[in-house]
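An overview of the molecular structure
Below are the chains, spelled out letter by letter.
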Amino acid sequence: MSEILTLLAPLAGWAMPLAETPDPVFAEKMLGDGLAIDPTVGELRAPCDGEVIGLHACSHAVTLRAANGAEILLHVGLETVRCGGAGFEAQTAIGRKVRAGDLLLRFDLELLARQAASLVSPIVVINGRGFAVEPLATGREVAFGEPVLALRPTGTTEPIAAAAAASETLRRRVKVALAHGLHARPAALVAKEAATFAAEIAVEIAGRSANARSPVAVMALGVRFGDEIEFVASGDDAAAALEALVARVAQRDAEAPVAVVETLAPPAPGPTSPLSALGGVPAAPGLAIGAAVRLVEPEVAVIEAAGAPDAEHAALAAALDAVRAALTGRLVGETDQRREIVEAHLAFLGDPELRQTARGAIATGQSAGAAWAFAIGGYVDQLRGVGDARMMERAADLNDLKRQVLLRLSGEAAPTLRLPDNAIILADDILPSQLMELDASRVAGLAISRGGPTSHVAILAAAMNIPAVVALGPRVLSIEDGALVILDGDNGRLQVAPKSAEIAAAQTRLAERRTRRARAMAAAAEPGRTADGVRIEVFANLGAVEEAASAVENGAEGCGLLRTEFLFMDRDAPPGEDEQLAAYQAIATALDGRPLIIRTLDIGADKPASYLELPRDENPALGVRGVRVSLAWPQLLRAQLRAILRVRPAPQIMLPMVSSLAELRAVRAVLAELAADLGVPSPKLGVMVETPAAAVTADLLAAEADFLSIGTNDLAQYALAMDRTNPQLAAQVDAMHPAVLRLVRDAAAGGAKHGRPVSVCGGLASDLAAAPILIGLGVTELSASPAVVPELKAAIRSLTMAQCREIAERALNQTSAAEVRALQLAAAPAAPKMGAAS
Ligand code: PEP
Ligand code: MG
């Protein structure tokens, strides 16, 4: 057959010569000739008519045989076998006849971008000896169906394995220790090794045999980790060949099985592998393209030489006053979050013990600077010693204060950093004061080596609308100043020196985001409803009175969770009934008649209150918190309930951290008594489903509760046994885990049994990708961060109940959160994940 076969682009994206593939197995054409495409759309289509002769168990690679005998390997991404199938959905099967353009695979580009070594996808003719392979399109963007390769038959055929030489045949059995078995790369390396010997070598497993010099044949054996294979060799150097091959497959490779976890940073690059992407923890949502600017702050020098103690006391007092004045000046006109941080710094500054320790150090002959550094250092060590993530982050605030005072003492001005437009700040850690000193109009994103998602910087970045990724690791500081980077705050990823196709894709995403947001805003006032008319109420979570107005502007139909802790924290005594009434009433008034659900105090664990003298729990998250605190301090509960009962229009009440019906009954009794005292009807009382106990007994709770509201933040931490404040685990505490979703299903079923509304008010309600799943599981209300409300409503509008039920059913049967996130729903929008702190 002499006809030229033209292969059509099986992927849409940037086409490049195979030699540019960042993997020698493909770049050196060990598997055959072809080209590579860096895809921008998550679909793989057939490049010609043919038959599917290979579909990897992990669905990341398909082999087609064309009518002219050419066998074409379509390998999506590099080292994607490690994803274990997550992010891939096969749309074909082995043995199926396909036509050019038929869909073979769907894959989740964003997920793979985080997990794969690269998205560059080789398209290789693996029995290429019979064909001259000519790329038709490289170095440019290609669309599906454009001609990309021409295959001209050469008349040569694959060499038939020479008959075994007359010499003795040697055999060696070996257990394969390569983490992913003999998939494409190791098969190619085995073949390369085999080719260095003269001996004829075969690989055998379960009665099947392959020529060891044929990577494709070896790959087709489907050898997995732990399988026993046999190398069979004959020829002069057979013994040496067996030795070498056995050693190659018996050794654990660098590809130790990798959990499909979004935060795993890629392994340290070798000398020849340039840094291309880093994985971290999302801290503030959004996408940014810009120039890297390293923020390397020199340590502020401490003047060690001390003058007379009186002079040093005076110098310290003057420096503290100057910092206080500067901080107080900053309070004016600041947003809530920024003001809170400045207030925290002011409180630290006024701390009498801190000052006393510093004064004591001056009395022993230290300079003002050395004394201040000593005093702060002691606190920082103590906070770090607690081993609690939030305490560590407060230690960062103290270090910030140390720096501010030392700068005053040294008389130096804070160094000003000149920023280009769209600067993406790279820093080991960034102190809140440093962030506030930067010209915010030029900062497009923050890429932080350390830090946690609940740090003040993360909160500030979110409030300033600056995408941020933390815990990127120290390599972030090796990125050159001025390098172009893409920061993805939704997915916790920093891409370095992106290719033009990647920049174009990011720009498209940015533009789409803006358009989507604008469209959603325009329709924000419409009630939440699915495409087929089912009413889904969309509420907002509030934590302060100032947020209520913006929630209403964003189309919130009410408040599904008012976190009342804002009134109780960072003070020496709890607020009285009247103070609470004023705060709750202001919110009810701002909501202008929309429903308001007030949650009773959820203090304890990561939300401390010094005046309560809570017991020092070994495991605070499992200790006295939520409704347990209210029941243990009845006066506190009574004052709060009385304040709520006096609000007009009457709000509803819900209880946090419920684990048994007895808690609901106890509060209900107090509420009934107080309502009778005040001569008002007892309001609706609901429970939060935040413990696995509440979820699995939801039917029992719903018999008496007026409604259920699922707190997925806590439900995920308790179901997965992962502390939600632990920065190391932060990205894994993902409520999309099927275990959590099954608990949501149980809670929804329990509520439905008694006709009770079931809402979700945890962070999952703010995650657009979760909306169809939650609705499909039976949730009828979502209470999200105010900023998400317009897009959440728009997402719901695009869904039908049938679609929701279908995806929910599939989600329940996945094995990990990553797999659930990889599920695609045609109608679902590209879903930005909102910050972990909802
Ligand atoms: C939750 O746990 O999901 C929740 C809404 O409560 P919080 O985040 O305030 O603990
Ligand atoms: Mg909670």
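Here, every reference points to the structure presented above.
Scope of this entry: the structure provided in the associated data block. The written sequence of each chain sets the order in which its residues are numbered from 1. Note on labels: chains are lettered from A, ligands numbered from 1, in written order. With the structure being a predicted model, the display of local features is reserved for residues of pLDDT at least 70 and the display and counting of side-chain atom pairs for 80 or more, all residues being used for whole-chain, interface and lining totals. Hydrogens and water are ignored here; the side-chain numbers use all heavy atoms of the structure.

Categorising residues by exposure relies on relative accessible area from a 1.4 Å probe, with only protein chains included: less than 20% of the type maximum marks a residue as buried, more than 50% marks it as exposed, and the intermediate range marks it as partly exposed. For helices the rule is a DSSP run of H or I covering at least 4 residues; for strands it is a run of E covering at least 2, with both sets numbered from the N terminus onward. Of all five residues in strand 6 (residues 61–65), four are buried, a share of seventy percent or more. Two strands are counted as paired when DSSP detects at least two bridges linking them. Pairing of strand 5 (residues 50–55) with strand 6, which is carried by four bridges, proceeds in the antiparallel orientation. Counted as the bridge partner of G54 is T63 from strand 6. Connecting strand 5 to the antiparallel partner strand 6 that follows it, the hairpin turn spans five residues, and S59 within it adopts a positive phi of roughly 60°. The pairing of strand 6 with strand 7 (residues 71–75) spans five bridges and is antiparallel. Paired with R65 across the bridge in strand 7 is E71.

The next point concerns the coordination of the magnesium ion (ligand 2). Surrounding the magnesium ion (ligand 2) are the protein donor atoms E690 (OE) and D714 (OD), which sit 1.9 to 2.0 Å from the metal. Separated by 24 residues along the polypeptide, E690 in the loop between strand 31 (685–689) and helix 20 (692–696) and D714 in helix 22 (residues 712–720) bring together distant segments of the chain. In this pair, the class of E690 matches that of D714, namely buried. Here the coordinating atoms are restricted to nitrogen, oxygen and sulfur within 2.8 Å of the metal centre, or 3.2 Å for Na, K and Ca, and because water is not among them the sites may look incomplete.

A separate point is the packing of aromatic side chains. The geometry of two aromatic rings is summed up by the distance between their centres and the angle between their planes. Aromatic contacts are taken between Phe, Tyr and Trp rings whose centres are within 6.5 Å, Trp giving its six-membered ring; a plane angle under 30 degrees counts as stacked, one over 60 as edge-to-face, and the others as tilted. Scanning the model with the defined rule gives one aromatic pair in all. Plain terms: the ring middles of F88 and F107 are 6.2 Å apart, the flat faces sit at 40° to each other, and that makes the pair tilted. Placement of the pair is F88 in strand 8 (residues 88–90) and F107 in strand 10 (residues 103–107), with a sequence separation of 19 residues. The burial state of F88 is the same as that of F107; both residues are buried. Against the face of F144 rests R45, its NZ or CZ located 5.4 Å from the ring centre. Should the NZ of a Lys or the CZ of an Arg lie within 6 Å of a ring centre and within 35 degrees of the ring normal, that charge is described as sitting over the ring.

The subject of this paragraph is the environment of A694. By the secondary structure assignment, A694 is in helix 20. Since its relative accessible area comes to 0%, A694 is described here as buried. Distance in space between the C-alpha atoms of A694 and S660 is 6.7 Å, their sequence separation being 34 residues. Whether two residues are in contact is decided by their heavy atoms: any pair within 4.5 Å suffices. With sequence-adjacent residues up to four places away left out, A694 is seen in contact with V658, M688, V689 and L701.

We now examine the site of ligand 1. Note on terminology: near, applied to a residue and a molecule or strand, indicates that one of the residue's heavy atoms is within 4 Å of it. As a structural note, the neighbourhood of ligand 1 is formed by 15 residues, with R563, E690, G711, N713 and R724 the closest of them. G711 places a main-chain nitrogen or oxygen 3.4 Å from an oxygen atom of ligand 1. Polar contacts, as used here, are pairs of N or O atoms within 3.5 Å; protein pairs need one atom able to donate a hydrogen and one able to accept it. Residues neighboring in sequence count only if both atoms are side-chain atoms. N713 places a polar main-chain atom, nitrogen or oxygen, 2.7 Å from an oxygen atom of ligand 1. Relative to its free-state accessible area of 290 Å², ligand 1 is covered by the protein chains to the extent of 99%. Of all the secondary-structure elements, those providing two or more residues to the shell around ligand 1 are strand 28 (559–563) and helix 22. No other element matches helix 22, which puts three residues into the shell around ligand 1. Each accessible area value is a Shrake-Rupley result obtained with a 1.4 Å probe; residue values ignore everything except the protein chains displayed when judging cover.

A few words now on the sheet that holds strand 15 (residues 169–175). Pairing is antiparallel across the open sheet formed by four strands, whose spatial order is 15-18-16-17. In this open sheet, the two strands that pair with only one neighbour each are strand 15 and strand 17 (208–211). Pairs of neighbouring strands in the sheet enclose a mean axial angle of 25°, with direction left out of account. Bridge count for strand 15 against strand 18 (residues 228–234) is seven bridges, and the pairing is antiparallel. Across the sheet, the residue bridging to V174 is I229, located in strand 18. Helix axes use the C-alpha atoms of the stretch in contact, all axes being lines fitted to C-alpha atoms, and the angles between their N-to-C directions lie in the range 0 to 180 degrees.

Attention shifts here to the sheet that holds strand 10. Backbone-to-backbone hydrogen bonds join strands into a sheet, with any given pair of strands oriented parallel or antiparallel. With antiparallel pairing, three strands are arranged side by side in an open sheet as 4-10-8. The outermost strands of the open sheet, each flanked by one partner alone, are strand 4 (43–45) and strand 8. Mean inter-strand twist for the sheet, computed between neighbouring axes without regard to direction, equals 20°. Two strands pair when backbone bridges link them, and strand 8 and strand 10 are joined in this way by three bridges, in the antiparallel orientation. Within strand 10, the residue paired with A90 across the bridge is L105.

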